[in-house]
Amino acid sequence: MSLQGKGFYIWQISRCENGNANAIGNVAAQAGLSHVLIKIADGTQPYNINSSGQDLVPPVVQALRSWGISVWGWHYIYGYNPEGEANIALQRLQQLNLDGYVIDAEAEFKQPGKEEAARRFMSLMRQALPTFPMALSSYRYPTYHPQFPFEAFLEKCDLNMPQVYWIGAHNPAEQLARCVREFQDIQPVRPIIPTGSAFKEGDWAPTVADINEFLRAAQNLNLSAANFWEWGHTRFYLPEIWEAISEYEWLVGNGTQDIVERYFAALNSHDVEQVLALYNSNAVHVTPYRTVQGIDALRSWYYSLFNQYLPSASFVLDSFSGTTSTRQFSWSAYSSQGTVNDGNDAFGLVNGKVTYHTTFFTIV
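Report follows, based on the coordinates. Predicted model, so just to flag it, every value in this text is computed and none were measured.

Side note on helix 3 (residues 82–96)
Here's step 1: Relative to the 21 Å expected for 15 residues at 1.5 Å per residue, helix 3 spans 21 Å between its end C-alpha atoms, a close match to the ideal helical length.
Here's step 2: Three or more residues of helix 3 are buried, namely Pro82, Gly84, Glu85, Ala86, Ile88, Ala89, Arg92, Leu93 and Leu96.
Here's step 3: Its buried side turned inward, helix 3 meets strand 2 (33–42), strand 3 (45–46), helix 2 (57–66), strand 4 (70–77), strand 5 (100–105) and helix 4 (114–128).
Here's step 4: Backbone geometry just after helix 3 places Asn97 at a positive phi near 50 degrees.

Laid out in structure tokens, this is it:
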């Protein structure tokens, strides 16, 4: 069920590579995509059926699968007829033999009485498919949408795919970190696979730097995958953004990650022992206020960092550089206790572990 790597949403197959299934598969493979999410239904109606009644989805599924790319179906639901929407979802999933199912639920579910519709829909889906992978795609910040029944959907979903669209801005890492932090307060907590902006809106468009920042932040936050909206739009209007996503190498597993990236994954686990595993036993830690040495002193420092200074923080690696034995990196953090915008650290390494660590940051 777990997704790992880069994914793209497809809205209308006919607008993707002129509807050529083999071309879609080839382009997805060249871009290094691990998964593609195709619209299969809208409300109570099937979707991506052409005017002559031909279902465009099966050949695309076959082409993507030939490259080892998993295929999920997504479905925009309205909540006016939960039984009808569940019926078409189940019909399409049975027809298409997909790897997972995404529920796209948005403004309609902020209306009075829609929590009951959400629970009814999810109950019907889970009764029919008790173990099938399902995800919710909806708003990025729960605090902005208190009327939306997040819990009703998430309690029966396996994954949370919030739409982290930084329209009008260029701070995707900050917005993603806030999204992750806010969903930590929504029960049940589900693994997050965010969807980023790969589209134009008015005079605004994401930059290549935005895309790299978003993907780096997703990995720094220890998220297993990230998606983008939307294939046909990106390929036609923003070819440079498609190229940036294609060129980004999603690193899998600690063995292929730099020690700085592993350090941020450990920070975002909030597990002191996982962080300490990156240090040599006699490591020295220097801050503007004191210098200490040894694992016990470091353990005390990280315990205070996670529980006192930046509780439940999201840590984001902004940039890093270095040599075989050194690293320099800048970072940010977002916590209910405050924000760090000026993190600036350096590592000295011996045998691949941290022996000397200087850190500077201010909490505002």
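Points about the environment of Pro146
Here's step 1: Following the sequence through the fold, Pro146 ends up in the loop between strand 6 (134–137) and helix 5 (150–154).
Here's step 2: Along the primary structure Pro146 and Lys156 are separated by ten residues, whereas in three dimensions their C-alpha atoms are 19 Å apart.

Some words on helix 1 (residues 21–30)
Here's step 1: Residues of helix 1 that are buried: Ala21, Ile24, Gly25, Val27 and Ala28.
Here's step 2: In the core, the buried residues of helix 1 are packed alongside strand 1 (5–10), strand 2, helix 2, helix 8 (231–237) and helix 9 (239–247).
Here's step 3: Backbone geometry just downstream of helix 1 places Gly32 in the positive-phi region, at approximately 70 degrees.

With respect to the side chain of Ser70
Here's step 1: Here Ser70 is to be found in strand 4.
Here's step 2: Accessibility expressed as a relative area gives 18% for Ser70, which makes it buried.

Points about the nonpolar core
Here's step 1: Ranked by size, the top nonpolar core spans 83 residues in total, and within it Tyr101, Phe153 and Trp231 carry the most contacts.
Here's step 2: Other than its neighbours up to four places away in sequence, Trp231 contacts Phe8, Tyr9, Ile10, Cys16, Glu17, Ile24, Val27, Ala28, Leu33, Val36 and Trp242.
Here's step 3: Core analysis: the second largest hydrophobic core is formed by 30 residues, Leu267, Ala283, Ala313 and Phe329 among them.

Structural notes on the packing of helix 3 against helix 4
Here's step 1: Contact pair helix 3 / helix 4: the axes reach a minimum separation of 9 Å and the direction vectors enclose 30 degrees. Comparing the axis directions of helix 3 and helix 4 gives the class roughly parallel. Where helix 3 crosses over helix 4, the two elements pack in a sense that is right-handed. Across from Pro82, Glu83, Glu85, Ala86, Ala89, Leu90 and Leu93 in helix 3, the residues of helix 4 making contact are Ala117, Arg120, Phe121, Leu124, Met125 and Ala128.
Here's step 2: For the contact of helix 3 with helix 4, the class distribution of residues is ten nonpolar, no polar and three charged.

Things to note about the environment of Lys114
Here's step 1: Within the secondary structure layout, Lys114 lies in helix 4.
Here's step 2: For the pair Lys114 and Gln147, spaced 33 residues apart in the sequence, the C-alpha separation amounts to 9.2 Å.
Here's step 3: For Lys114, the contacting residues outside a window of four places in its chain are Tyr78, Gly79, Tyr80, Glu108, Phe109 and Pro149.
Here's step 4: There is a polar contact of 2.9 Å between the side chain of Lys114 and the backbone oxygen of Tyr78.

Considering the pairing of strand 13 (residues 326–335)
Here's step 1: Across the ten residues of strand 13, seven count as buried, placing the element largely inside the fold.
Here's step 2: For strand 12 (residues 314–322) and strand 13, the ladder comprises eight bridges, and the chain directions are antiparallel. What sits directly across from Phe315, in strand 13, is Ala333.
Here's step 3: Judged from the nine bridges that link them, strand 13 and strand 14 (residues 338–350) form a sheet pairing that is antiparallel. When the bridges of strand 14 are listed, Ser335 appears paired with Gly338.
Here's step 4: Here strand 13 folds back onto strand 14 in antiparallel fashion, the turn holding two residues.

Some remarks on the sheet that holds strand 13
Here's step 1: The six strands lie next to each other as 11-10-15-14-13-12, forming an open sheet whose pairing is mixed. If you trace the sheet from one side to the other, it starts and ends with strand 11 (291–293) and strand 12, each paired once. Each strand axis lies, on average, 20 degrees off the axis of its neighbour in the sheet, ignoring direction.
Here's step 2: In this structure, strand 10 (residues 279–286) lies alongside strand 11, joined through three bridges in antiparallel fashion. Considered in strand 11, the bridge of Val284 is made with Gln293.

Criteria and thresholds
- Residues numbered from 1 in each chain as written.
- Predicted model: local features only at pLDDT ≥ 70, side-chain atom pairs only at ≥ 80, totals over all residues.
- Heavy atoms only, no water.
- Helix = DSSP H or I, 4+ residues; strand = E, 2+ residues; numbered from the N terminus.
- Expected span 1.5 Å × (residues − 1).
- Buried < 20%, exposed > 50% of the residue type's maximum accessible area, 1.4 Å probe, protein only.
- Contact = heavy atoms within 4.5 Å.
- Core = buried A, V, L, I, M, F, W, Y, C linked by side-chain atoms within 4.5 Å.
- Axes fitted to C-alpha atoms, helices over the stretch in contact; angles between N-to-C directions.
- Parallel < 35°, antiparallel > 145°, perpendicular 65-115°, else oblique.
- Left-handed = near helix turned anticlockwise from the far one by under 90°.
- Nonpolar A, V, L, I, M, F, W, Y, C, P; charged D, E, K, R; others polar.
- Polar contact = N/O pair within 3.5 Å; in protein donor to acceptor, adjacent residues only side chain to side chain.
- Pairing = 2+ DSSP bridges.

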